[in-house]
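# Chains, contacts and geometry: an overview
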Amino acid sequence: MTRLSELLLPTERQPPADAEALSHKLMVRAGLIRQVGAGLWSWLPAGWRVHQNVVGIIREEMDGIGGQEMLMPLITPADLWRKTGRYEITELFKLGDRRGADLLLAMSHEETTTFHVATAVRSYRDLPKLLYHFQLKGRDEPRPRAGVLRTREFVMKDAYSFDRDEQGLETSYERCAGAYERIFDRSGLEWYAVESDVGMMGGSGAHEYMAPCAAGENDVALAPGYAANVEVASAEPQPVPALGNVPSDLHTPGLTTIDEVAASLGVVAGNLLKAFPVVTASRGLVVVFLRGDHRVEDVKLANALGEPFTQASVDELERHGLVAGYIGPGDRVAALYDAAVAPGRYVAGGNAADRHVVVEVAAGERIDVRRVEAGDTVGGQVIRIEPAIEIGNIFKLGTRYSDPLGATYLDDGGREQLIVMGSYGIGPARVAAAAVEQFADEKGISWPRAIAPWDVHLVGLGKGGTPERAAAEELYTSLREAGLNVLLDDRDAGTGEKLTDAELLGVPLRLTLGKRTLESGAVEAQVRRGAEDRDPIPLEGAAEAVAELWRTLP
RNA sequence: CGGGGAGUGGCGCAGUCUGGUAGCGCACCCGGCUGGGGGCCGGGCGGUCGCAGGUUCAAAUCCUGUCUCCCCGACCA
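Owing to the predicted nature of the structure, the values given are computational and were not obtained by experimental measurement. (Residues numbered from 1 in each chain as written. Chains lettered and ligands numbered in written order. Predicted model: local features only at pLDDT ≥ 70, side-chain atom pairs only at ≥ 80, totals over all residues. Heavy atoms only, no water.)

### Concerning the overall build of chain A
In terms of helices and strands, chain A carries 14 helices and 30 strands. Overall size of chain A, expressed as C-alpha extent along the three principal axes, is 90 × 70 × 50 Å. In chain A, buried positions account for 52% of the 554 residues. Pairs at least 24 apart in sequence give 69% of the contacts found in chain A among residues at least 6 apart. Put simply, chain A shows about 24,500 Å² of open surface, and 49% of that area lies on carbon and sulfur atoms. In chain A, 58 positive and 81 negative side-chain charges are present, and the distance between their average locations comes to 3 Å. (Helix = DSSP H or I, 4+ residues; strand = E, 2+ residues; numbered from the N terminus. Buried < 20%, exposed > 50% of the residue type's maximum accessible area, 1.4 Å probe, protein only. Contact = heavy atoms within 4.5 Å. Areas by Shrake-Rupley, 256 points an atom, 1.4 Å probe, with all protein chains shown as cover. Lys, Arg positive; Asp, Glu negative; His and termini not counted. Charge placed at Lys NZ, Arg CZ, Asp CG, Glu CD.)

Rendered as structure tokens:
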């Protein structure tokens, strides 16, 4: 369907009142998506064309590295997930059938693919394998947001590699990384790969593919030659001047924050020691000390501790004789020091109400748990931090799933070995939304050519039955014969409405054909990116010239 | 789950404080004019005011309960 008069493309002049993110507003306004419930969205015809274009690119590149496409069910028996311990995840949609059997909506398909490989693969000769599918994922997200950026049901391309050993996994991983580079390059996005957290699941390595944009939910630390999610980023802190002459015992009534204490002493926050008391299952209460101007990065701290933690309550502190707001090093509780706490003198809590003291911190064991900040450096290069949306990830799973699900093979010596796995995800919806975020201007969307719903938006001005409209029909036919996907605006609507809708929808090349065109013998062309008018294209032989121009577009 | 906000034709909103039986712009339908940037005139269609209960002669408006949605924080493609 490529005639606007027949297409379901409900454009809106105003965005939904509750929309915040740019892609949310524009995708709804342009008639690409519509909401059904919280985090539940329908893709209307034009939007689905974009989605499927992204899918097409992914499919080509995955096939190109030997991926085998298949399809596994969304509804999954609970037993598979019980075996891997994932049945307890709170985001899991759980349901039952009429007989009372426990089922779930898969959040991803590690269990299912591993189940198949476990039963189908017996020999090292059957490995490696790279399997993938495009399938819905169900996730009962605590907070769906920003249109299609974070939803409770979405299509994911998830791929799983199965190798004989770590070395094989390394090869599969690199191969997927290469495919991902080509996929995101081809999609026309700005993107980069960053080191990411492997989470509590373990695993030996992971990367995330990030598309920088304002609506992004992740913060990424970037410097020339360096890119990492702030959840795992490490950097050299900015220096602070040494602590000047300050009395070693300070009466500080009511001064419980870093800023208050620093201001009252006339020193910088970095001259203080910040106490971050946490409780873990195996250690009980532990106080983590950071430089006063630094913040704890929760993910880094959990990784450094090797277990989850909660912040200590005031009760918990009192039980250990600590006073909230006045915690400092002492013998009452175990202490850990962040890597940015250089040996030297600091103002710290005096472990008594209204008291601070100057302490001498010695060199010693450190853990890196602080959140990297803009202005820190890596290898002498200054870091900046920007928001980005995660559009894909790759993850070395190891034997996390093959072990509980019994996915083994016999090696060439007849010994049973665990299959070594990797997983590789991409969210096509996020690729689409990120493209909207990155390239939209005040008039609307500006799709990269590779994923645009159509190649050319041909606006036929005037009313049906006029010579200019007849000419538009003719051009429409010849453009299609030249291999272009063309959207023809053949509505009897006003000029302004047609042109405004075209800008909102964001097809990369707009052709306008009206009375003027006929008189001059050339159709007007505007490149959507930058709203850049090009030289009119003579109607004689227009199709080839348009196709040629189109190939040069971003 | 914690905090904040909102539910009134398809979209955006007013009306709620101070109860009196629902209105505006856009969209939509009909007729006419216009025809290169959301044009003009005239005439129309369309709403259980989220839901349930209560107060009252009378409830969009007051009370109680409940559901839904959005935004900010802990999660992730």
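### Some points on the sheet that holds strand β27 (residues 486–489)
Pairing in this open sheet of 5 strands is mixed, and the strands run β27-β26-β28-β29-β30 from one edge to the other. In this open sheet, the two strands that pair with only one neighbour each are β27 and β30 (532–538). Put simply, the sheet's adjacent strands are angled 25 degrees from each other on average, direction ignored. Taken together, the 4 bridges between strand β26 (residues 456–460) and β27 define a ladder with parallel strand orientation. Looking at the pairing, Val-456 lines up with Val-486 of β27. Relative to the sheet, helix α14 (residues 542–551) contacts β26, β28 (509–513), β29 (522–527) and β30, its axis offset from that of β30 by approximately 150 degrees. (Pairing = 2+ DSSP bridges. Axes fitted to C-alpha atoms, helices over the stretch in contact; angles between N-to-C directions.)

### A short note on the layout of surface pockets
Considering only enclosed or pocket space, the largest pocket measures out at about 1,500 Å³ in volume. The set of elements that each furnish at least two residues to the lining of the largest pocket consists of β8 (153–163), β10 (205–212), α7 (298–305), β22 (384–398), β25 (420–426) and α10 (428–439). The element that contributes the greatest number of residues to the lining of the largest pocket is β22, accounting for 7 residues. Among the residues forming the lining of the largest pocket, the class breakdown is 22 nonpolar, 12 polar and 13 charged. (1 Å grid on protein atoms, 1.4 Å probe; cavity = no way out; pocket = protein on both sides within 12 Å on 5 of 7 lines; lining within 4 Å. Points joined across faces, edges and corners; volume = space filled by probe spheres on them. Nonpolar A, V, L, I, M, F, W, Y, C, P; charged D, E, K, R; others polar.)

### What about the sheet that holds strand β4 (residues 75–77)?
One open sheet holds the 3 strands; their spatial order is β4-β6-β5, and the pairing between them is antiparallel. Where the open sheet ends on each side, the last strands, each with one partner, are β4 and β5 (93–96). With direction set aside, neighbouring strand axes in the sheet form an average angle of 40 degrees. Where β4 meets strand β6 (residues 102–105), 3 bridges bridge the pair, whose relative direction is antiparallel. Bridge pairing in β6 links Ile-75 to Leu-105.

### Examining the protein's contact with RNA strand B
Lining the immediate surroundings of RNA strand B are 47 residues, of which Arg-143, Arg-150, Lys-463, Glu-503 and Glu-524 lie closest. Of everything in RNA strand B that lies within 4 Å of the protein, sugar and phosphate atoms constitute 50%. Taking Arg-139, its side chain carries an N or O atom lying 3.1 Å from a sugar or linking oxygen of RNA strand B. In the environment of RNA strand B, a phosphate oxygen lies 3.3 Å from a nitrogen or oxygen atom belonging to the backbone of Ala-146. (Near = heavy atom within 4 Å. Polar contact = N/O pair within 3.5 Å; in protein donor to acceptor, adjacent residues only side chain to side chain.)

### Topic: the confidence of the model for chain A
Here chain A averages 88 in pLDDT, while 99% of its residues score no lower than 70. Interface confidence in the predicted complex, given as ipTM, is 0.88; pTM for the same model is 0.87. (pLDDT = per-residue confidence, 0-100.)

### Side note on the pairing of strand β19 (residues 355–361)
The element β19 is largely enclosed, with a buried count of 5 among its 7 residues. Taken together, the 3 bridges between strand β13 (residues 249–251) and β19 define a ladder with antiparallel strand orientation. For Asp-249, the partnering residue across the bridge sits in β19 and is Val-357. Taken together, strand β18 (residues 344–349) and the strand that follows it, β19, pair antiparallel across an intervening segment of 5 residues, in which Asn-351 is found at a positive phi of about 55 degrees.

### Structural notes on the side chain of Thr-151
With respect to the helices and strands, the residue Thr-151 is situated in the loop between β7 (129–138) and β8. Take Thr-151: its relative accessible area is 6%, and that puts it in the buried class. A polar contact of 3.1 Å, which involves the side chain of Thr-151, links it to the backbone oxygen of Glu-153. If near-sequence neighbours (up to four positions away) are discounted, Thr-151 is found in contact with Gly-39, Trp-41, Arg-139 and Glu-141.

### Digging into the packing of aromatic side chains
As enumerated under the stated definition, the model contains 10 aromatic pairs in all. Relative to Tyr-209, the ring of Trp-191 has its centre 5.9 Å away and its plane inclined at 40 degrees; by these criteria the two rings are tilted. Here Tyr-209 lies in strand β10 and Trp-191 lies in the loop between α5 (166–187) and β9 (192–195), a separation of 18 residues in the sequence. Per residue, the accessibility class of Trp-191 equals that of Tyr-209, and both read buried. Among the aromatic residues, ring-to-ring pairing joins Tyr-180, Phe-184, Trp-191 and Tyr-209 into one connected group. Above the ring of Tyr-401, the side-chain terminus of Arg-400 is found at 4.7 Å from the ring centroid. (Phe/Tyr/Trp six-rings, centres within 6.5 Å; stacked < 30°, edge-to-face > 60°. Lys NZ or Arg CZ within 6 Å of the ring centre and 35° of its normal.)

### Section: the nonpolar core
The biggest cluster of nonpolar side chains holds 64 residues, and the ones touching the most others in it are Leu-32, Met-62, Tyr-180, Phe-184, Ile-391, Tyr-424 and Trp-447. Among all residues touching Leu-32, those that are not within four sequence positions of it are Met-27, Ser-42, Trp-43, Leu-44, Ala-46, Gly-47, Ile-445, Trp-447 and Leu-505. The next biggest cluster of nonpolar side chains, apart from the first, holds 24 residues, and it includes Leu-475, Val-486, Leu-488 and Ala-547. (Core = buried A, V, L, I, M, F, W, Y, C linked by side-chain atoms within 4.5 Å.)

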